[in-house]
Amino acid sequence: MSRDDIVDPLRSFVQTFGASQLFLARLITYTPRALLRPSLILEQIFATGSMSLIIIMISGLFVGMVLGLQGYDSLSRFGAEDSLGAVAALSLFRELGPVVTALLFAGRAGTALASEIGLMRATDQISALEMMAIDPIRRVAVPRFIGGAISMPLLAAVFSTIGIFGAWLVGVRLMGVDEGAFWGSIRQQVDLYDDVLSGVAKTVVFGVVASFLAVFEGYNSIPTAEGVSRATTRTVVITAIAVLVLDFVLTAWFLDKDTLG
Amino acid sequence: MKQTRAVEFGAGLFVLLGVAALFFLTTQTTNMSSYTTKGYVLVGTFDNVGGLKVRAPVTVAGVAVGRVVAIDVDSERLQAVVRMKIDPAYNRLPDDSDAAILTAGLIGGQYIGISPGGSDQYLKDGDELQFTQSALVLEELIGKFLVRAGQGGSNQEGEKQ
């Protein structure tokens, strides 16, 4: 094993990372101008957001219902069933909503974005745009990036809201937790800034990261059938890792701010 | 044309639903009224605030009328200085009211309970509460109890003799 066997993969990793950062910088600099053409973005909000709605709603409902069951079982050991609403709401708003939505978003919308752009490259549609002096980044990549980044926080909000009703369904209707205690504990414990808005901030970050990674992987895929399938797989894998790592960093950051007042 | 309309309808429906969900989360699950920036500040000095936290409720007769906004230590008197913001609707608290740090339930958080006094002068912005009662610290209570139990035991022995 020569020295190059170790250095080359490292160098190519750093190179890919640098290329991705340049790509992100270009996406962001083109964003203000792209907002002037809302019809393209609307199309992408439909493709990434509206089309993901069903899976997000079903997942949210069942995650909430499981939270209701598990929360009720654990809390009743301490005689604290009345806090079920607060437990479900805090776990949904702070963690489960943003993270599970981001992972589902990567699986449902990210893969679609990556394979669509990858196929555009494989079938020379991107080159065709370049031939017509249309910047494919502006025309293809940026609207998809913005559409995904807008859809993700909205999807997460839908997820959390449905989740609360799932927990309510199991906790109040099935297990017999007091209705007033359920909603009262939520209102008492949930803080607008520390819980709801910190969760929303997470979803905004995850939305930008997930859409950017999908667009980047698709745009830079190898223009073959295998290349597109690899780009799709990489999108899910890298997004999942990025979201979970960022989630830890953001959580630590928000908690640190909380404790410092 | 028909297809663009369907796309617009779908996207519009989705965004409306998402915004409605965000609206629900921010207004229906949180206690928005506690974020009114209006209100007047009262100051209380305590020997020990126990587990009191910033944003803990301030109550009168069990009803939340404000929040704790800051807890500091007075470097001269070495006492805890608690600033609380009170809703302007409750501006008729007598100036001889006293503040106590209480605990909600067994494992509940701590809050400040204000017991109104009888004065006809009302507390104003920046006033300091004259009478305060510190938090009950469990270890101190147990310590006192043990000392008293010890004394009680020796007294009984003395009586026997």
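Predicted model, so just to flag it, every value in this text is computed and none were measured. (Residues numbered from 1 in each chain as written. Chains lettered and ligands numbered in written order. Predicted model: local features only at pLDDT ≥ 70, side-chain atom pairs only at ≥ 80, totals over all residues.)

1. Structural notes on the overall build of chain B
Then comes step 1: Secondary structure assignment for chain B yields two helices and eight strands.
Then comes step 2: Shown N-terminal to C-terminal, the secondary structure of chain B runs as helices and strands in the order α-β-β-β-β-β-β-β-β-α.
Then comes step 3: Out of the 161 residues in chain B, the part that is buried amounts to 21%.
Then comes step 4: In chain B, once contacts between residues fewer than 6 apart in sequence are set aside, the share between residues at least 24 apart is 64%. (Helix = DSSP H or I, 4+ residues; strand = E, 2+ residues; numbered from the N terminus. Buried ≥ 20, exposed ≤ 12 C-beta atoms within 10 Å, placed from the backbone. Contact = placed C-beta atoms within 7 Å.)

2. Observations regarding the overall build of chain A
Then comes step 1: A tally of helices and strands in chain A yields nine helices and zero strands.
Then comes step 2: Helices (α) and strands (β) of chain A occur, in sequence order from the N terminus, as α-α-α-α-α-α-α-α-α.
Then comes step 3: Expressed as lengths along the three principal axes of its C-alpha atoms, the size of chain A is roughly 65 × 50 × 35 Å.
Then comes step 4: Considering chain A as a whole, with its 261 residues, one finds that 46% of them fall into the buried category.

3. Focus: the sheet that holds strand β3 (residues 63-74) of chain B
Residues and elements named next belong to chain B.
Then comes step 1: One open sheet holds the eight strands; their spatial order is β7-β1-β4-β3-β2-β6-β5-β8, and the pairing between them is mixed. Of all the strands in the sheet, the pair left with one neighbour each is β7 (128-129) and β8 (131-133).
Then comes step 2: Across four bridges, the pairing between strand β2 (residues 57-60) and β3 is antiparallel. Residue pairing for β3: Thr59 is matched across the bridge by Ala64. (Pairing = 2+ DSSP bridges.)

4. Describing the interface of chain A and chain B
Then comes step 1: In this assembly, 23 residues from chain A lie in contact with 21 residues from chain B.
Then comes step 2: Elements represented by at least two residues in the side of chain A that touches chain B include exactly α2 (38-48), α4 (84-122), α6 (136-174), α7 (179-189) and α8 (192-219) of chain A.
Then comes step 3: Broken down by element, the side of chain A that touches chain B gets its largest block of residues, six residues, from α6 of chain A.
Then comes step 4: Here the residues of the side of chain A that touches chain B are counted per class, giving 14 nonpolar, six polar and three charged. (Nonpolar A, V, L, I, M, F, W, Y, C, P; charged D, E, K, R; others polar.)

5. Focus on unusual backbone geometry
Then comes step 1: A positive phi angle, close to 65 degrees, is found at Asp124 of chain A, a residue other than glycine.
Then comes step 2: Note on placement: Asp124 of chain A falls in the loop between α4 and α5 (125-131).

6. A closer look at the pairing of strand β5 (residues 98-103) of chain B
Residues and elements named next belong to chain B.
Then comes step 1: In this sheet, strand β6 (residues 110-115) lies alongside β5 in antiparallel orientation, the contact comprising six bridges. Bridging across to β6, Ala99 finds its partner in Ile114.
Then comes step 2: Summarising the sheet, β5 and β8 pair through three bridges and their orientation is parallel. By the bridge assignment, Asp98 is partnered in β8 with Phe131.

7. Here's the deal with helix α3 (residues 53-77) of chain A
Then comes step 1: Helix length check: α3 of chain A, at 25 residues, gives a terminal C-alpha distance of 36 Å against a target of 36 Å (1.5 Å per residue), a fit within 8%.
Then comes step 2: Of all the positions in α3 of chain A, only Leu53, Ile56, Ser59, Gly60, Val63, Gly64, Met65, Leu67, Gly68, Gly71 and Tyr72 of chain A are classed as buried. (Expected span 1.5 Å × (residues − 1).)

8. Let's talk about α6 of chain A
Residue and element names in this part refer to chain A.
Then comes step 1: In this model, α6 (39 residues) spans 54 Å end to end at C-alpha, consistent with the 57 Å of a helix rising 1.5 Å per residue.
Then comes step 2: In terms of burial, α6 is largely enclosed, as 30 of its 39 residues are buried.
Then comes step 3: At the exit of α6 stands Gly176, carrying a positive phi of roughly 80 degrees.

9. A few points about the packing of α3 of chain A against α6 of chain A
Residue and element names in this part refer to chain A.
Then comes step 1: Interaxial distance between α3 and α6 falls to 6 Å at its minimum, and their mutual angle equals 40 degrees. When the axes of α3 and α6 are compared, the pair comes out oblique. As for how α3 packs across α6, the hand of that crossing is right-handed.
Then comes step 2: The residue inventory of the contact of α3 with α6, partitioned by class, reads 19 nonpolar, seven polar and no charged. (Axes fitted to C-alpha atoms, helices over the stretch in contact; angles between N-to-C directions. Parallel < 35°, antiparallel > 145°, perpendicular 65-115°, else oblique. Left-handed = near helix turned anticlockwise from the far one by under 90°.)

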